[in-house]
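Here are the chains, one letter per residue:
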Amino acid sequence: MIKHAITQFPVLDLIKQRWSARSFSSRGVTKEQVLTMLEAASWAASANNEQPWEFVYALKGTPGFDTIWNCLMPGNQPWNKHAAGFIVTIARKAFSANGNPNANAEHDSGIATGYLLLQAASMDIYTHPMGGVDKAKLSAELKLTEDQKLLCVISFGYLDDAEKLEEPFKSRELSARVRKPVAEIAKEL
């Protein structure tokens, strides 16, 4: 089941197609496909072209997958056991040229993540960004420095039947997509 967005204004079909799936099939995703998604992320805009994002990925069946899965909050573990892999999004907090704080690092890393999600959608790979992660534990596992901030974990894979999910995940997977209307999130000056 693909949950296409019903929009008030015409937007790209790719944006309407992208949603955070929970039901992943056993079909694997290749390393080349992951690198393609990361290549797309690398072309995002950033302040001073700093490109403050970093990504760590792991495919199912590897120790890295298990490490990341073990750091997910209990509510995210059941439905992620079938994911084809994970991508961890990290922001570097300081500019590399001078070490000064980069106030835009998280914003810019978010743009890169958006590019990654859309590239994946174009490949019929579904993604689910999650904040429900033990960030301190995963940061320690990844040996992140003080300059690195773990932002989220993205699970990914090919779509499967929502009926295989247990509750409450099944209901969430089957529910309609809803967004605030544009008039509620934007105003003309």
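The structure reproduced in this document is the subject of the present report. (Residues numbered from 1 in each chain as written. Predicted model: local features only at pLDDT ≥ 70, side-chain atom pairs only at ≥ 80, totals over all residues. Heavy atoms only, no water.)

Let's talk about the overall build of the protein chain
On a plain count of helices and strands, the protein chain comes out with eight helices and four strands. When the helices and strands of the protein chain are listed from N to C terminus, the series reads α-α-β-α-α-β-α-β-α-β-α-α. Taking 2.2 N^0.38 as the reference for a compact globule, 189 residues should give roughly 16 Å; the C-alpha atoms of the protein chain span a radius of gyration of 17 Å, in line with that estimate. Across its three principal directions, the C-alpha atoms of the protein chain cover 50 × 50 × 30 Å. (Helix = DSSP H or I, 4+ residues; strand = E, 2+ residues; numbered from the N terminus. Rg over C-alpha atoms; globule rule 2.2 N^0.38 Å.)

Observations concerning the side chain of Arg 22
With respect to the helices, strands and loops of the structure, Arg 22 is situated in the loop between helix 1 (13-17) and helix 2 (31-42). Its relative accessible area of 15% is what places Arg 22 among the buried residues. Beyond its immediate chain neighbours, meaning those up to four positions away, Arg 22 contacts Trp 79, His 128, Leu 165, Phe 169, Arg 172 and Glu 173. (Buried < 20%, exposed > 50% of the residue type's maximum accessible area, 1.4 Å probe, protein only. Contact = heavy atoms within 4.5 Å.)

A closer look at the layout of surface pockets
Put simply, the largest pocket is a space of about 500 Å³. Lining the largest pocket are 15 residues, with Ala 5, Ile 6, Thr 7, Arg 179 and Lys 180 positioned closest to its centre. Residue classes in the lining of the largest pocket are distributed as nine nonpolar, two polar and four charged. (1 Å grid on protein atoms, 1.4 Å probe; cavity = no way out; pocket = protein on both sides within 12 Å on 5 of 7 lines; lining within 4 Å. Points joined across faces, edges and corners; volume = space filled by probe spheres on them. Nonpolar A, V, L, I, M, F, W, Y, C, P; charged D, E, K, R; others polar.)

Quick notes on unusual backbone geometry
Of note, Asn 48 is a non-glycine position whose phi angle comes to about 55°, a positive value. Mapped onto the fold, Asn 48 is located in the loop between helix 2 and strand 1 (53-59).

What to know about the sheet that holds strand 3 (residues 126-130)
Taking strand neighbours across the sheet as the criterion, the four strands line up as 1-2-4-3 in an open arrangement whose pairing is antiparallel. Of all the strands in the sheet, the pair left with one neighbour each is strand 1 and strand 3. Each neighbouring strand pair of the sheet contributes to a mean axis angle of 25°, computed without reference to strand direction. Across seven bridges, strand 1 lies against strand 2 (residues 85-92) in antiparallel orientation. Within strand 2, the position partnered with Leu 59 by the bridge is Gly 85. Packed on one face of the sheet, helix 2 meets strand 1, strand 2 and strand 4 (148-157) and runs near 165° to strand 1. Together, strand 1, strand 2, strand 3 and strand 4 form the strand contacts of helix 5 (residues 105-122), whose direction differs from that of strand 2 by roughly 155°. (Pairing = 2+ DSSP bridges. Axes fitted to C-alpha atoms, helices over the stretch in contact; angles between N-to-C directions.)

Considerations on the pattern of salt bridges
Applying the stated criterion to the full structure yields five salt bridges. With its nearest N and O atoms 3.7 Å apart, the salt bridge here joins Asp 13 to Lys 16. Linking Asp 13 with Lys 16, this pair stays in helix 1, spanning three residues, or about one helical turn. On the basis of relative accessible area, Asp 13 is assigned to the exposed category, the value being 58%. By sharing partners, the salt bridges in this structure join Glu 50, Glu 54 and Arg 92 into a single network. (Salt bridge = Lys/Arg side-chain N within 4 Å of Asp/Glu carboxyl O.)

Quick notes on the nonpolar core
One finds Ile 68, Phe 86, Val 88, Leu 138 and Val 153 to be the most contacted residues of the largest nonpolar core, which totals 22 residues. Of all elements in the fold, only helix 3 (63-69), strand 2, strand 3 and strand 4 reach the threshold of two or more residues within this core. Per-element tally for this core: the top contributor is strand 2, with three residues. In terms of nonpolar packing, the next biggest core, distinct from the first, is built from 21 residues, Val 29, Ala 44, Trp 53 and Ile 87 among them. (Core = buried A, V, L, I, M, F, W, Y, C linked by side-chain atoms within 4.5 Å.)

Thoughts on the packing of aromatic side chains
Tallied over the full model, the rule gives two aromatic pairs. Seen from their ring centres, Phe 65 and Phe 86 are 4.5 Å apart, and the 25° between their planes marks the pair as stacked. Residue Phe 65 is found in helix 3, and its partner Phe 86 is found in strand 2; the two are separated by 21 residues along the sequence. Classification of Phe 86 as buried rests on a relative accessible area of 0%. The cationic tip of Arg 27 hangs over the ring face of Tyr 158; the distance from NZ or CZ to the ring centre is 3.6 Å. (Phe/Tyr/Trp six-rings, centres within 6.5 Å; stacked < 30°, edge-to-face > 60°. Lys NZ or Arg CZ within 6 Å of the ring centre and 35° of its normal.)

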